[in-house]
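Observations on chain architecture
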Amino acid sequence: MEDVGGAPLISVMAERCLAVGPTRVVVDPTRQKRMTALQDNKLELVHSTGPDMSDSLKAGLRGLKSQAALVVLADMPGLQSSDLVRFIQTMHDNPDHILRARNQNGQPGHPVLFPASLFSEFEDLVGDQGAAPILKRHKDRILWIKFQDDRVTEDLDTPEDWASWRAKQ
């Protein structure tokens, strides 16, 4: 809900995703401010089924009818719509690959694009490790998308993270 350019970051990120294509946002229905910030009739809101990242991933992918899903975290203000377009364009020539961002130092980050052939594997995830088991199991299918800075690894989880990010702006 932190302000970025005059709007809550969650709204900003949703708009950046919408600029690229249909957008499904997983949100905790008890977080009323987030629900209000996401009141855009073009968004598909899906309620999370639990507190862990695995719960959000399962909820977001369940029943999805598309050839791939681009998982974008809502706390990464450096990501732009043009970055997401890069993933979509790369997917067209590499439909069976997992596309994963990495920064200039090779550190893995987000977003991550998963082909539909892997969606069923998300149902087995538990806990707050995200898609790490799927990424490990299919490491030979990962195609790295390199970025020349840290925007794909800079997620803002703490007040200190936000203060550092704002100081750089």
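As a starting point, this report considers the structure included with it. (Residues numbered from 1 in each chain as written. Predicted model: local features only at pLDDT ≥ 70, side-chain atom pairs only at ≥ 80, totals over all residues. Heavy atoms only, no water.)

1. Quick look at the nonpolar core
Where we set the bar: To qualify as a nonpolar core, a set must consist of buried Ala, Val, Leu, Ile, Met, Phe, Trp, Tyr and Cys residues joined through side-chain atoms within 4.5 Å. Relative accessibility under 20% of the residue-type maximum defines a buried residue, over 50% an exposed one, and the middle range a partly exposed one, all with a 1.4 Å probe and only protein chains included. Per the convention used, a helix needs a DSSP run of H or I reaching at least four residues, while a strand needs a run of E reaching at least two, with both numbered from the N terminus. Here a residue-residue contact requires only that any non-hydrogen atoms of the pair lie within 4.5 Å.
Counting 19 residues, the largest nonpolar core has Leu9, Phe87, Leu99, Leu113, Phe147 and Trp162 as its most contacted members. Mapped onto this core, the elements with two or more residues apiece are helix 1 (9-18), helix 4 (81-93), strand 6 (98-102) and helix 6 (159-168). The element that contributes the greatest number of residues to this core is helix 1, accounting for 3 residues. Once you skip the residues sitting within four places of it in the chain, Leu9 turns out to touch Glu2, Val4, Ala74, Asp75, Met76, Pro77 and Trp162. Phe114, Phe119, Leu135 and Ile142 belong to the second-largest nonpolar core, a separate cluster that totals 15 residues.

2. What about the pattern of salt bridges?
Two side chains carrying opposite charge are able to pair once their charged atoms lie near each other. The line we're drawing: Salt bridges are counted wherever a side-chain nitrogen of Lys or Arg sits within 4 Å of a carboxyl oxygen of Asp or Glu.
Considering all chains together, one arrives at 7 salt bridges under this definition. Close ionic contact of Glu121 with Arg137 constitutes a salt bridge, the shortest N to O distance being 2.9 Å. Remark: Arg137 occurs in helix 5 (residues 132-137) and Glu121 occurs in the loop between strand 7 (108-115) and helix 5; sequence separation between them is 16 residues. Counted as one network, the salt bridges with shared partners bring together Asp83, Asp149 and Arg151.

3. Side note on the packing of aromatic side chains
Selection criterion: Two rings belonging to Phe, Tyr or Trp (six-membered ring only in the last case) form a pair when the distance between their centres is within 6.5 Å. Interplanar angles under 30 degrees mark stacking, angles over 60 mark edge-to-face geometry, and anything in between is tilted. Ring-over charges, as used throughout, are those where CZ of Arg or NZ of Lys falls within 6 Å of the ring centre and within 35 degrees of the ring normal.
The final tally for this structure, using the stated rule, is 3 aromatic pairs. Aromatic side chains Phe114 and Phe122 sit 5.0 Å apart centroid to centroid with 85 degrees between the ring planes, which places their arrangement in the edge-to-face category. A single burial state applies to Phe114 and to Phe122, both of which are buried. Look at Trp162 and Trp165: their rings are 5.6 Å apart centre to centre, the planes differ by 80 degrees, and that puts the pair in the edge-to-face class. Separated by 3 residues within a single helix, Trp162 and Trp165 lie in helix 6, roughly one turn from each other. Here Trp162 and Trp165 have matching classes, each one buried. Over the face of the ring belonging to Phe147 we find Arg86, whose NZ or CZ atom lies 4.6 Å from the ring centre.

4. Section: helix 1
Across the 10 residues of helix 1, 9 count as buried, placing the element largely inside the fold. Within helix 1, the full set of buried residues consists of Leu9, Ile10, Ser11, Val12, Met13, Ala14, Arg16, Cys17 and Leu18.

5. Some words on the side chain of Thr23
Which entries qualify depends on this criterion: Under this definition, polar contacts are N or O atom pairs within 3.5 Å; protein pairs additionally need one hydrogen-donor-capable and one acceptor-capable atom, and for neighbouring residues in sequence, both atoms have to be side-chain atoms.
Structurally, Thr23 is set in strand 3 (residues 23-27). Only 3.2 Å separates the side chain of Thr23 from the backbone nitrogen of Leu18, close enough to count as a polar contact. Here the side chain of Thr23 touches Gly21 through a polar contact of 3.0 Å, landing on its backbone oxygen. In this structure, Thr23 is in contact with Ala14, Cys17, Leu18, Lys42, Leu43 and Glu44, ignoring residues within four places of it in sequence.

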